[in-house]
Amino acid sequence: IGDAALDQLSDLRYAVFFLGSVCLSLAHVCLHPGSLRREETISTMQRTGVDGLPIVALISFLMGLIMAFMSSVQLEQFGANIYVASLVSLAMTRELGPIMTAIIVAGRSGSAFAAEIGTMKISEEVDALFTMGFDPVRFLVVPKLVAALVMVPILTLFSDLFAILGGLIVGISMLDLTAGAYVAQTLKTLTLFDVFWGVLKSGVFGIFITWVGCLRGFQVQGGAASVGQATTSAVVSSIFLIIVIDSVFSVILRYWG
């Protein structure tokens, strides 16, 4: 128990130290934009956002389809079919859209960040960067952080859109609703605050996914087995943090409202 407690304290200390390094590196890039590795940032945006769009679109579409189908079974008893549009749009934009997108990004990109940096760590490429005078955090982490901060909110917007499309198909095919009525009810229900709230949450999720993925990568020691452990730990830790942060946002929204 003592060894486990000391390991956890050491891990927490390193995490806080790494968070400080990331904040300092990000501040330096904000003050000196020319120091940002633009090509690496754009490449990471493509891998995180463009390459991840098909799976995000498919899962969100199916989520909207399932939610609309399951809710219609109950609402149809009361002749309230039209409110399927309200349920799907609100649930996806406020909660499920950002969460599902963040979980997919954590599984795809967060694990890739940990594996990439972990492999560089065991092959001593990180030490070589430090020897050549480069800040490894600024060189490796900041481009990934900027890419995630930009692309995860955009993916969330696409997720909301495809989920609403999935609900629309159920509304037209099973509930005898017209496309115009479904879209009109969706627009009547949603506000800009709902959309921007989900986008804000997804941006925070993206920051923590990148931080955890890169943190686990820098913690790699030993051989290839350690890279696999870091990759698994990055995904599990990211999903745990996503749920915790979403709970905090829910409490804030409850008392703010």
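As the structure is a prediction and not an experimental result, all values here were calculated from the model.

(A) Helix α6 (residues 136-174), seen in detail. Over its 39 residues, α6 runs 55 Å from end to end, which matches the ideal 57 Å to within 8%, given 1.5 Å per residue. Of all the bends in α6, the greatest reaches close to 30 degrees and is centred on Val142; the proline Pro143 follows between one and four positions later. Downstream of α6 by one or two residues, Asp176 has phi in the positive range, about 55 degrees.

(B) Representation of the environment of Tyr182. Looking at the secondary structure, you find Tyr182 in helix α7 (residues 179-189). A C-alpha to C-alpha distance of 8.8 Å links Tyr182 and Tyr83, two positions 99 residues apart in sequence. If sequence neighbours within four positions are ignored, Tyr182 has contacts with Val84, Ala85, Val88, Ile164, Gly167, Leu168 and Leu177.

(C) Fine view of the nonpolar core. By size, the foremost hydrophobic cluster in this structure holds 17 residues, and its most contacted members are Phe18, Val22, Leu140, Val141, Trp211, Cys214 and Phe218. Of all the secondary structure elements, the ones that give two or more residues to this core are α1 (2-31), α4 (83-122), α5 (125-131), α6 and α8 (192-218). Per-element accounting of this core gives the leading share, 5 residues, to α8. Core analysis: the second largest hydrophobic core is formed by 16 residues, Val56, Val152, Ile242 and Phe249 among them.

Definitions and cut-offs
- Residues numbered from 1 in each chain as written.
- Predicted model: local features only at pLDDT ≥ 70, side-chain atom pairs only at ≥ 80, totals over all residues.
- Heavy atoms only, no water.
- Helix = DSSP H or I, 4+ residues; strand = E, 2+ residues; numbered from the N terminus.
- Expected span 1.5 Å × (residues − 1).
- Bend = angle between axes of the 7 residues up to and from the residue.
- Contact = heavy atoms within 4.5 Å.
- Core = buried A, V, L, I, M, F, W, Y, C linked by side-chain atoms within 4.5 Å.
- Buried < 20%, exposed > 50% of the residue type's maximum accessible area, 1.4 Å probe, protein only.

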